Amino acid sequence: MPDIALATAALSGLNADGLQVILGLIVISDMCLLAAERQRFSIRLIALQGAILGLLPLLVHSGEKDARLIAITALFFLIKAALLPLVLRRTYKKLPPQPPSRPYLGHSLSVLAGLGGFVFSLWLGSRLGDTANPLFSLFFAPAFATIFAGLLLIVARRRALSQMFGYLVMENGIYLLGVPMAQHDAIWLELSVLLDIMVAAFVMGIAVRHIHLAFHSMDVDHFACIKD
Amino acid sequence: MLPYYCVLLLLFGGGLISLALGSRAASLRAASFSMCAASALGLAATLPLLLDGASISGALPLPLPLGACSFTVDPLSAVFLLPVFVLSGISGLLLPSRMLLLCQENPVASGSAGNAHYGKHGFFCCVLSAGMVLTLIASDAVLFLIAWEVMSLVPFFLISPRDKDAAERHAAWMYLVAAHLGALPLLYLFAALTTESGSTGFFAFAAFEGWRNAGLLFLLALVGFGTKAGLVPLHAWIPEAHSCAPAHVTILLSGAILKLGLYGIMRVLTLIGLGDVWWAYALMGAGAFSGILAILLGLVQPGMKRTLAYSSSENIGIICLALGGAMLAMHLQAPTAAALLLAGVFLHIWSHAAFKSLLFLGANAVKDSTHTDAFRLLGGLQKRIPLTGSCMALGSAAIAGIPPLNGFMSELLIYAGFAAGSHAVHGREEAFLFWGGFFMLGAIAGMALFAFTRLFGLGFLGAPRSDAALEVREPCRLMQGALLFLAGLCVLMSLCGALLYTALTPLLHSFARRLSPAFFLPDGALEFGSSILLYYALTGLAITALFSLALLLRKRVVAVNGTAQSPTWDCGYTAPSARMQYSGGSFSHSLALLLRPLIRSRITKPAIQGLFPAEQEARISTPDWSALLWEKLIFHPVELLSDYAKGLQAGLVNIYILYIFITLILALAWALGWS
């Protein structure tokens, strides 16, 4: 992809190889999350993913780095790399220790499905054709792979907390789609999505605790009994 | 329009007061009063309009999301408003006593819980009447549909007032399904009318010309309104609902609501015009099919109310047959035939409302004291309840088309119309169609005679077949009054046929002009019908006089010779018993055998073997095959699908998100992959 590499180099502060390494890291962290059995490890992975994503707007930005951009990047980094993992960790600590439960879809199968999602995203990206913003083509496949990984986590995991990881990873994917447009005001849209997710994480942190009190378990299987 | 607004206000207000009074018996009285008052007011407002042939319009500045709150009462509405008001009045009058009786009958419902039904029942009775009036006076598609829905849905709450009986609940659900399915084509119909004409008003529809899919619109109206009117094979709800509902609701269902289906068809015809000639064929075909099949199914029913319910479908069939004939006559420029047939249609609508209500009230009166209406348990009722029996005899004679009563009066006009039509197009192929209609009507009337001979003979003559029949009592005074009133109405209508015809003349003119502006009914064409009815009334008087004379003579002879009493069926048997009488199945057995392809009776014959065979059972049952067909074609597959769809609702969030996931992937693949 020489043209994209050129365009990327022209647009971003980072060269195309560096960007691809970062995006590759994100995809790898997605796969690790799908493979992870222990929740504590998952939280760390989410923190790592959040740290990379939080810094991305700064890395991608081509022009002069003004104070506003730095402030926003700092805010993203704070929320994604620190605040959300802390909320998760707090919730995790509050729950009594439980042995890892068997997911609906096994870990190996989840990783395979995640890889399938990545291939599907690459195919979708190839169908997309030229975009006005060349960075978008580069970000598209990893972003969608992350969204799919998040959805897979929600669908495949049995524990409510693990499903929360899924929502966060999905949000990371949506965020990643928006990063190429970080130069414009679209970043405010990103911020609003992020704030939504953060509130959701807080609410879910509380809800998860209540669910545990009501059901004495975090298995979402038990929720089936409240359907009509 | 002020009187009609007052009628609606009275009905809705009365309903709300009844609801507010709740479990007290006063709630029923409030509903009763408002229904009676509204009926009286409505009749006083409608009669002059009908006689003058005038139309009045009005609008209320009420905000509707679409359309407008506009009302019109034209002669066509007025014709249908009359039975609605008369029957609402009778229904309202009977409401308190019927409801109290119903709740006393059922020990479970007679406690505090039973009384809780009073307010709701009164409310829904009032709303049903209001819905019917609103349907008839609405002149805006949206308002009409709202009124139609109100009128369609409310009987669901009235069919089973105690909500205790499984059969009643089934009937109510069946009604609800039919009402919903019937409303679907109407939504399409009015949406199409609105889209093409660019307005929701009936006046705009009527002024618009050049409907693109007029044939489709007509078919939608025929199916949608035909479901409400109970045309076979769309009638499946009628036998269930009519046989389960209490008396004061049944008369509204059979006497008024079915007619609203006809009103709908006629109203749409006035809006989109006479159309192609195949419309007339379709209507005649649907009417003949409905008439023949319904009365055939009616004459093999095991109970009185079910027979009456099927006969309602049959009469609607007759009306559609005649309406189709009138449209054909208009196409062929045969004004006399058109006038006779149209007059027959409207007179039959009135006649049917009168005698069918009479018969349903009578059948309910029998059921109240015997707790059954099955022929195999009844018999010999005439001796025990002479008043109800005589009213039923009169009603049966009227509906079976025996002169000099009102049933044959309207049918005579239809016969004459078909004959005049065939005469007018003498030598052309269409003459066969008119003759076909003539003979179809003859066949239907003949079978109706058979069915009602069976109904009255098995129920009221002979000897009682069970102890239940011995318990029969005359109904309360109010009910007796209602029976006498309706019986009187039948007699009066047959004597005043010519007057009724005169009252209908403005409607005939306007209806024909609305259908086809080019068509004109000359006075000569109208006079013919009037003279027929005059002769009919005179002949009727003569027959009545002869009959009275014969009765007098008989009385005198009996007085001279004295009377001797002996058991029924005492002709040479040593031990006659009630079991020797015809049963419902055996009476219609020969006809059922003859017309087996149409009736599809299932006969289980006992296999008698050996010299001393054990006790065996023979059974003749006639399930309604058209209803079964619907069940097989629609309801069963839908049930299967619904059962399968229940599996989709697993109750697991994961699965629900998986659905979103799959949808997302498919949507993306579709949007990006194949675009």
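Residues numbered from 1 in each chain as written. Chains lettered and ligands numbered in written order. Predicted model: local features only at pLDDT ≥ 70, side-chain atom pairs only at ≥ 80, totals over all residues. Heavy atoms only, no water.

1. Some remarks on the pattern of salt bridges
Residue and element names in this part refer to chain B.
Item 1. Summed over the entire model, instances satisfying the criterion amount to seven salt bridges over all chains.
Item 2. Here aspartate 368 and arginine 98 are joined by a salt bridge, their closest N and O atoms 1.8 Å apart. A residue pair is termed long-range when its members are at least 10 positions apart, and aspartate 368 in helix H14 (residues 335-370) and arginine 98 in helix H3 (residues 75-105) qualify at 270 residues.
Item 3. Exposure remark for arginine 98: the relative accessible area of 5% places this residue in the buried category.
Item 4. Two residues, arginine 306 and glutamate 240, come together in a salt bridge whose shortest N-O distance is 3.6 Å. (Salt bridge = Lys/Arg side-chain N within 4 Å of Asp/Glu carboxyl O. Helix = DSSP H or I, 4+ residues; strand = E, 2+ residues; numbered from the N terminus. Buried < 20%, exposed > 50% of the residue type's maximum accessible area, 1.4 Å probe, protein only.)

2. Section: the nonpolar core
Item 1. Counting 212 residues, the largest nonpolar core has Phe80, Leu189, Phe190, Phe225, Phe346, Trp350 and Leu361 of chain B as the members making the most contacts within it.
Item 2. Those residues within four positions of phenylalanine 346 of chain B in sequence are excluded, and the remaining contacts are Leu76, Val79, Phe80, Met266, Leu504, Leu507, Leu508 and Phe511 of chain B.
Item 3. Of all hydrophobic cores here, the second largest spans 60 residues; its members include Leu88, Met164, Met198 and Ala201 of chain A. (Core = buried A, V, L, I, M, F, W, Y, C linked by side-chain atoms within 4.5 Å. Contact = heavy atoms within 4.5 Å.)

3. Remarks on the interface of chain B and chain A
Item 1. Facing the 17 residues of chain B at the interface are 23 residues of chain A.
Item 2. Across the chain B/chain A interface, buried area totals approximately 1,700 Å², and carbon plus sulfur atoms make up 73% of it.
Item 3. Among the residues chain B hides against chain A, the three largest losses belong to Asn654, Phe661 and Leu672 of chain B. Together they make up 35% of the total.
Item 4. The tally of links from chain B across to chain A stands at zero salt bridges.
Item 5. Counting across the chain B and chain A interface gives zero residue pairs in polar contact (both at pLDDT 80 or more). (Buried area = accessible area lost by both parts, 1.4 Å probe. Polar contact = N/O pair within 3.5 Å; in protein donor to acceptor, adjacent residues only side chain to side chain.)

4. Some details on helix H16 (residues 386-399) of chain B
Residues and elements named next belong to chain B.
Item 1. The terminal C-alpha atoms of H16 lie 19 Å apart, and with 14 residues this matches the ideal 20 Å at 1.5 Å per residue to within 8%.
Item 2. Of all the residues in H16, the buried ones are Thr388, Gly389, Cys391, Met392, Gly395, Ser396, Ala397, Ala398 and Ile399.
Item 3. Contacts from the buried residues of H16 go to helix H13 (304-331), H14, helix H15 (381-384), helix H17 (406-424), helix H18 (430-460) and helix H20 (477-495).
Item 4. Following H16 by one or two positions, glycine 401 has its phi on the positive side, about 80°. (Expected span 1.5 Å × (residues − 1).)

5. As for the packing of H14 of chain B against H16 of chain B
Two quantities define a packed helix pair, namely the angle between the helix axes and the distance between the axes.
Residues and elements named next belong to chain B.
Item 1. Here H14 crosses H16 at 145°, and the two axes come no closer than 9 Å. Considering how the two elements wind past one another, H14 and H16 form a crossing that is left-handed. Across the interface between the two elements, Phe355, Lys356, Leu358, Leu359, Gly362, Ala363 and Ala365 of H14 pack against Thr388, Cys391, Met392, Leu394, Gly395, Ser396, Ala398 and Ile399 of H16.
Item 2. Across the contact of H14 with H16, the residue classes break down as 10 nonpolar, four polar and one charged. (Axes fitted to C-alpha atoms, helices over the stretch in contact; angles between N-to-C directions. Left-handed = near helix turned anticlockwise from the far one by under 90°. Nonpolar A, V, L, I, M, F, W, Y, C, P; charged D, E, K, R; others polar.)

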